[in-house]
Amino acid sequence: MMSWKRKVEKLPFFWYNQTVMAQKNTLTPITVLFVQWYYFEAPLSFIRGYFAYAKAISEIVPFVFLFRTLLLPWKNIADRTRMRGIDLTRIMEKLSLGLLACGVGFVVRVLTICMGLLAQFLLLTFVLTYLAVWLLFPALFLLGIGTCIQSL
Amino acid sequence: MSLETFNIRHTNAYRSLQVRKMLWVSWLCMLVLATVATLFNLKTLAANPLSLIILIALPCWILWSIELFRRKKLKTSVSAFERPDNLAELLSYHMVQHLSTKPAVTMHTMIEAAMESEWGIFVLHSINIEKSDILAALLHASPESTLEECLQWCVKAMKDLQTTHLDSTATIYAFLTNVPALAALVEKADLAVEDLKKILHAEAFHFELLEQTHHPLSPAMLVRTLGSIGRSWVIGYNNDLERLTNNISETILSYRRSVVIHRDIIDHTLKNIESRMQTNILLLGESGTGKRTLIRNIAYELRSREMRRSSPFSDVLVLKTSLLLSGGEESDQILLQAENDAKQGGRFILVIEDFAMLLSAADAKLKKILVSILEAKNIRTICIANTEDYHTLIKSDTFLDTLLEKVYVEEPSDEETMDVLLEEYFKLKKVHNVRLTYRALKSILILSRRYVGHGGLPGKAVEVLEEALLAARASSGQTVTEDTIRAILSRRTRIDIEVLTEEGKQKLLHLKERLQSHIIGQEHAIGSLSAALKRGRMNIGSGKRPIGTFLFLGTTGLGKTETAKALAKEYFGSVENMIRIDLNEFSNEASIPLLIGGPTEKGGFTEGLLIKRIQDRPSSIVLLDEIEKAHPKILNLFLQILDEGILIGGNGGKADFRNTIIIATSNAGSHWMTEHSLPSEESEQIVFRTALLETIVGERTFSPEFINRFDEIILFTQPTDDEVRQLAILMLGEIIERIMKDRGIRITVESPVIDFLAEKGFSREYGAREMRRTITQTIENYLADYLLSRSVKRGDEIAIRAEDLQH
């Protein structure tokens, strides 16, 4: 199975460098290598990193599992004592304990899901900002130099 | 292959080095410029702080992205072509780094650069060859090879080792295998080409282990540290269960595993856990085969699967057996409550590590609760016991036995054991700061398998490794070699496996002569025994059977037992190193448990005499006297010992006879031997032997398969007249020496006395025992009367004449 790096190297721009430049028996110029890496390889690597961290967050806060067990009682608390006949008092006691346990479980799970979603949102925001800055950096650099000169 | 270009300056790795130098300078310049600019424009910058941030942040960002480019792209770039025009592109970063400091790239500088790297240093330590020795050998190597030839070797080495770069290890391997002078150094270090490959595999493994140290904020480490929130919220509270157990699942994901053995057992156990069928597992095996580590690996695998499948967690709880047993009368109550917690709570796997101890020490109530736990629906139990305890304590309880599925944990293969040893070594190396050569590591595996009879691999090998590293550290040594391992194992096993000194070699070479000083005649017997000992000491045999097995046949009094005693004294140092079993005492079937162990009437277990003694002295002579008197079923037991060097005791434990010499003595066929005398011609002697054996088999004294299992059957023949005289002299000599030593009295004996003793002291019926009786009745009695009737003091001399004895 081809690694993602090999797939990138098969893109036309890369192919040109690897075959044509190699045929000319020269190393790819370092600036060209830098641009290739800066605009293609590095962003792809950031995106892979993002997916790894997103996966880690979903393992730490297992959304699917929490949704599936949303209504289960907290710590499996239930009144399991056997009842003989119909005892309304006992039924009410069991019901209220069950509702309380489920309620606590529901609240805690929902809060945990919210925390997990927040973490995912913050991660995504950070990565998008980072990528934007990274890709727009040359323009920002020139803008920054201009600002500096103006202010000085 | 033709060397068109080899220019290290025309590689990405070299560019990476140049960029690194430039970055250093740039950071320095940036720091200076930023400081100067800030100082000179302080007011302006204070009014507009954004400019200050831009002034500092932009250059930092630029330099940082260049550094990232250097590390991620230039340093690790792999040539797209298998055979690039510039062969230097195949070199690894570290090779280019070291070569760039040399004046020119030659054969010498290439190997020097390889040996300077971290990987190269590791390899040199493992093979225990110094860098200076390699360089010196290379200087004198002739004919000297060209760089082109070197590169051809290196490219071939890359293919052999399946590496993507020509790195230090591939270079060292290429040189060591292709330069005759260096190959000679490797042979001198007692290493083969396969050993070199294994060392490189160890090196790769070592650095893979180092690289596995994840950054604390990496995704894998975050998951390991924080775990998974919420999956244990479906499991109930269980205070009593928590009190009695250790929950290893909580922190199991931080349990770093590089080497995992017994994968088939892990898969089988997990299938069992996930299935609906309620089965409890009993892990059986010798101690040291990794049963407890297996439990941790199972817990790890289970937790990893549950995380991947978004399933609720199952907790693996290890029972604190000693705490439970020390609870006194309350123990059963606590366990009962814990059982109820577990039944209601959720998915648990209870691990009982000392199952045999629990069974033997528990009272009836506790055992009942234990059985109830084993029968419970949502509690899976994994018990651990060794084979001996299973046969003595568990198997006898039929109902309990049916509740458990037996899974045998065998010893891992040599490759797996080596990987475990390597992992342990790398962990302990950090602590003890001591190096181990590859040969030492290999010898730990081979020698502990061969000589340590008790326990299983990899446990017993790891114990030896730990002891070796501790000993080296204590003696302030740096390197553990094979000699150290041999010394440690010799001490542990009480078997001499140290490297033979010159004195030891001479002792072995002249063993036959030394034995002949104790035993008169019987040259064939002595020759065969000496040969067997030499083979055993030099490890020529397969190591899967006893060193030698011999059946001594002959009439009584011909020196069969004396030969075994002399051998024990001369080779093993003392007659104490002989295990003598008089099979006269084992003539009925009921005596089998006395020999190999068996259950007692009170329900316990008794260890057999033979098993106990061989475990105390694994390297000894085993003398089975009067073997023809043993019960046939006892003879069948010996078939296993003679064939495989192992005896399975009544409790399932193994006794190791591979480091023994087994000598069985028998008077079988003696009446036939008294009627037929041994011919002098060798060809006729063979016929004589065959006829004797046929007679013995015909009388059903021994079965043909029993006789066939001995390495050699040695006939002890009647001595010649001259040999009888020599025997008389030998026995008399012992008495004279003893009196000289104890009393300082010198005794001289005339030649006719020897003739007299030789005539009276030997009979075909009773052999040399008659000589002993005659000496007692004549010489010793005479001496006693002499000493009583005269005043004899230290320094005096007593002369014994033939006439004195005839009175």
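Everything quoted here is computed from the prediction, not taken from an experiment.

**Points about the overall build of chain A**
Okay, step 1: The secondary structure content of chain A amounts to five helices and zero strands.
Okay, step 2: Across chain A, helices and strands are ordered from the amino to the carboxyl terminus as α-α-α-α-α.
Okay, step 3: Put simply, chain A has 152 residues, and 31% of those count as buried.
Okay, step 4: Within chain A, contacts between residues at least 6 apart in sequence are counted, and of these 71% link residues at least 24 apart.
Okay, step 5: Total accessible area on chain A is roughly 10000 Å²; 74% of this is exposed by carbon and sulfur atoms.

**Quick notes on the overall build of chain B**
Okay, step 1: Counting its regular elements, chain B contains 39 helices and 19 strands.
Okay, step 2: Against the 2.2 N^0.38 benchmark of 28 Å for 807 residues, chain B shows a C-alpha radius of gyration of 38 Å, more extended than a compact globule.
Okay, step 3: Dimensions of chain B, computed from the C-alpha atoms along their principal axes, are close to 135 × 80 × 55 Å.
Okay, step 4: Within the span of chain B, comprising 807 residues, buried residues form 49% of the whole.
Okay, step 5: Long-range contacts, defined here as pairs at least 24 residues apart, represent 76% of the contacts in chain B between residues at least 6 apart.
Okay, step 6: By element, 52% of the accessible surface of chain B is carried by carbon and sulfur atoms, the whole surface being about 39900 Å².
Okay, step 7: Here chain B contributes 95 positively and 106 negatively charged side chains, and the mean placements of these two sets differ by 7 Å.

**Comments concerning the pattern of salt bridges**
Residues and elements named next belong to chain B.
Okay, step 1: Evaluation of the coordinates by the stated rule reveals 38 salt bridges over all chains.
Okay, step 2: We note a salt bridge from Asp160 to Lys156, for which the minimum N-O separation is 3.7 Å. Separated by four residues within a single helix, Asp160 and Lys156 lie in helix α8 (residues 147-161), roughly one turn from each other.
Okay, step 3: The exposure class of Asp160 is partly exposed, given its relative accessible area of 36%.
Okay, step 4: In this structure, Asp711 engages Arg545 in a salt bridge whose closest nitrogen and oxygen atoms are separated by 3.1 Å. Placement of the pair is Asp711 in the loop between α35 (704-708) and β17 (712-715) and Arg545 in the loop between α28 (523-537) and β9 (548-553), with a sequence separation of 166 residues.

**Observations regarding the interface of chain A and chain B**
How large an interface is tends to be reported as the accessible area lost when its parts come together.
Okay, step 1: With 48 residues of chain A at the contact, the number on the chain B side is 50 residues.
Okay, step 2: With both sides pooled, the region where chain A packs onto chain B buries about 4200 Å², and carbon together with sulfur makes up 70% of that total.
Okay, step 3: Joining chain A to chain B, the criterion identifies one salt bridge.
Okay, step 4: Taking the shortest distance from any N to any O, the salt bridge between A:Glu41 and B:Lys73 comes out at 2.8 Å.
Okay, step 5: Within the residue set of the side of chain A that touches chain B, elements represented by two or more residues are α2 (12-23), α3 (30-60), α4 (63-68) and α5 (88-151) of chain A.
Okay, step 6: At 13 residues, α5(A) tops the list of elements feeding residues into the side of chain A that touches chain B.
Okay, step 7: Its residues placed into classes, the side of chain A that touches chain B shows 30 nonpolar, eleven polar and seven charged.

**Considerations on the packing of aromatic side chains**
Okay, step 1: One pass over the structure, following the stated rule, counts 27 aromatic pairs over all chains.
Okay, step 2: Centroid distance A:Phe34 to B:Phe69: 5.0 Å. Interplanar angle 85 degrees. Geometry classified as edge-to-face. You can see A:Phe34 sitting in helix α3 and its partner B:Phe69 sitting in helix α3 (residues 49-74), one on each of two chains.
Okay, step 3: Pairing A:Trp37 with B:Phe69 gives two aromatic rings, centres 5.5 Å apart and planes at 55 degrees, and the pair type is tilted. One end of the pair, A:Trp37, is in helix α3; the other, B:Phe69, is in helix α3, on a second chain.
Okay, step 4: Classification of A:Trp37 by relative accessible area gives buried; the value is 4%.
Okay, step 5: Taken together, the ring pairs connect A:Phe34, A:Trp37, A:Tyr38, A:Tyr39, A:Phe46, A:Phe126, A:Tyr130, A:Trp134, A:Phe137, B:Trp61, B:Trp64 and B:Phe69 into an aromatic cluster.
Okay, step 6: The ring of B:Phe313 has B:Arg303 lying over it, and the distance from NZ or CZ to the ring centre is 3.7 Å.
Okay, step 7: A cation sits over an aromatic face here: B:Arg450 above B:Tyr451, 4.8 Å from the ring centre.

**Focus on the nonpolar core**
All names here are of chain B.
Okay, step 1: Counting residues in hydrophobic clusters, the biggest one holds 89 residues, and the most contacted among them are Leu91, Met110 and Phe175.
Okay, step 2: The greatest single-element share of this core, amounting to eight residues, is contributed by α8.
Okay, step 3: Taken domain by domain, the makeup of this core includes at least three residues from each of domain 1 (12-211) and domain 3 (414-495).
Okay, step 4: Beyond its immediate chain neighbours, meaning those up to four positions away, Leu91 contacts Phe6, Ile8, Val96, Leu99, Met110, His165 and Leu166.
Okay, step 5: Core analysis: the second largest hydrophobic core is formed by 50 residues, Ile520, Leu533, Val724 and Ile754 among them.

**Brief notes about the side chain of B:Ser249**
All names here are of chain B.
Okay, step 1: Locating Ser249 in the fold gives a position in the loop between β1 (245-247) and α14 (263-274).
Okay, step 2: Using a relative accessible area of 2% as the deciding quantity, one classes Ser249 as buried.
Okay, step 3: A distance of 2.8 Å separates a polar atom in the side chain of Ser249 from the backbone nitrogen of Val316.
Okay, step 4: Dropping the residues within four chain positions of it, Ser249 is found in contact with Arg303, Ser314, Asp315 and Val316.

**Section: the sheet that holds β17(B)**
Residue and element names in this part refer to chain B.
Okay, step 1: Strand order in this open sheet of five strands is β10-β13-β16-β9-β17, and the pairing throughout is parallel. The strands lining the two open edges of the sheet, one partner per strand, are β10 (578-582) and β17. The average angle at which neighbouring strand axes cross in this sheet is 20 degrees, direction not considered.
Okay, step 2: Summarising the sheet, β9 and strand β16 (residues 661-666) pair through six bridges and their orientation is parallel. Looking at β16, one finds that Leu551 is bridged to Ala664.
Okay, step 3: Strand contacts of helix α29 (residues 560-572): β9, β10, β13 (621-625) and β16, with the helix running at about 170 degrees to β13, the strand carrying the most contacts.
Okay, step 4: Strands in contact with helix α31 (residues 609-616) are β10 and β13; relative to β10, the strand with the most contacts, it is inclined by about 170 degrees.

**So, the confidence of the model for chain A**
Residues and elements named next belong to chain A.
Okay, step 1: Per-chain confidence: chain A averages 82 in pLDDT, with 79% of residues scoring 70 or above.
Okay, step 2: The lowest-confidence element of chain A is α2, averaging 50 in pLDDT; the highest-confidence one is α3, averaging 91.
Okay, step 3: Overall, residues 20-25 carries pLDDT values under 50, and its contacts beyond four positions in sequence, including any with other chains, amount to twelve contacts.

Quick notes on the rules
- The residue numbering used here restarts from 1 in each chain and proceeds along that chain's sequence as written.
- For naming, the first written chain is A and the first written ligand is 1, with later ones following in the order written.
- Restriction of local features to residues with pLDDT of at least 70 applies here, the model being predicted, together with a cutoff of 80 or more for giving and counting side-chain atom pairs; totals for whole chains, interfaces and linings are based on all residues.
- Hydrogens are left out, water is left out, and the side-chain values use all remaining heavy atoms of the structure.
- Every helix listed is a DSSP run of H or I at least four residues long, and every strand listed is a run of E at least two residues long, numbered separately from the N terminus.
- Buried means the residue's accessible area, taken with a 1.4 Å probe over protein chains only, is under 20% of the maximum for its type, while exposed means over 50%, and partly exposed covers the values in between.
- Any pair of residues with heavy atoms lying within 4.5 Å of one another is described as a contacting pair.
- Using a 1.4 Å probe, accessible areas were evaluated by the Shrake-Rupley method; residue-level cover was limited to the displayed protein chains.
- Radius of gyration means the value over C-alpha atoms here, while the globule rule gives 2.2 Å times the residue count to the 0.38 power.
- As used throughout, the charge tally considers Lys and Arg to be positive and Asp and Glu to be negative, leaving His and the chain termini uncounted.
- Charge coordinates come from a single atom per side chain, which is NZ of Lys, CZ of Arg, CG of Asp or CD of Glu.
- For this analysis, a salt bridge means a side-chain nitrogen from Lys or Arg found within 4 Å of a carboxyl oxygen belonging to Asp or Glu.
- Two parts placed together each lose some accessible area under a 1.4 Å probe, and the buried area is that loss summed for both.
- Charged means Asp, Glu, Lys or Arg here, nonpolar means Ala, Val, Leu, Ile, Met, Phe, Trp, Tyr, Cys or Pro, and polar covers whatever is left, Gly included.
- The rule is short: rings of Phe, Tyr and Trp, with Trp giving its six-membered ring, pair when the centres are within 6.5 Å, and they are stacked under 30 degrees, edge-to-face over 60, tilted in between.
- Throughout this description, the term charge over a ring refers to an Arg CZ or Lys NZ atom that lies within 6 Å of the ring centre and within 35 degrees of the ring normal.
- We call a set of buried residues a nonpolar core when its members are Ala, Val, Leu, Ile, Met, Phe, Trp, Tyr or Cys and they connect through side-chain atoms within 4.5 Å of each other.
- What marks off one domain from the next here is an automatic or database domain assignment.
- What qualifies as a polar contact is a pair of N or O atoms within 3.5 Å, subject to a donor-acceptor requirement within protein and to the restriction that residues adjacent in sequence count only when both atoms come from side chains.
- One bridge is not enough; two strands pair if DSSP finds at least two bridges between them.
- For helices, the fitted axis covers only the stretch in contact; all axes are lines through C-alpha atoms, and the angles between them, taken along N-to-C directions, range from 0 to 180 degrees.
- A residue's pLDDT is the confidence the predictor assigns to it, expressed on a 0 to 100 scale.

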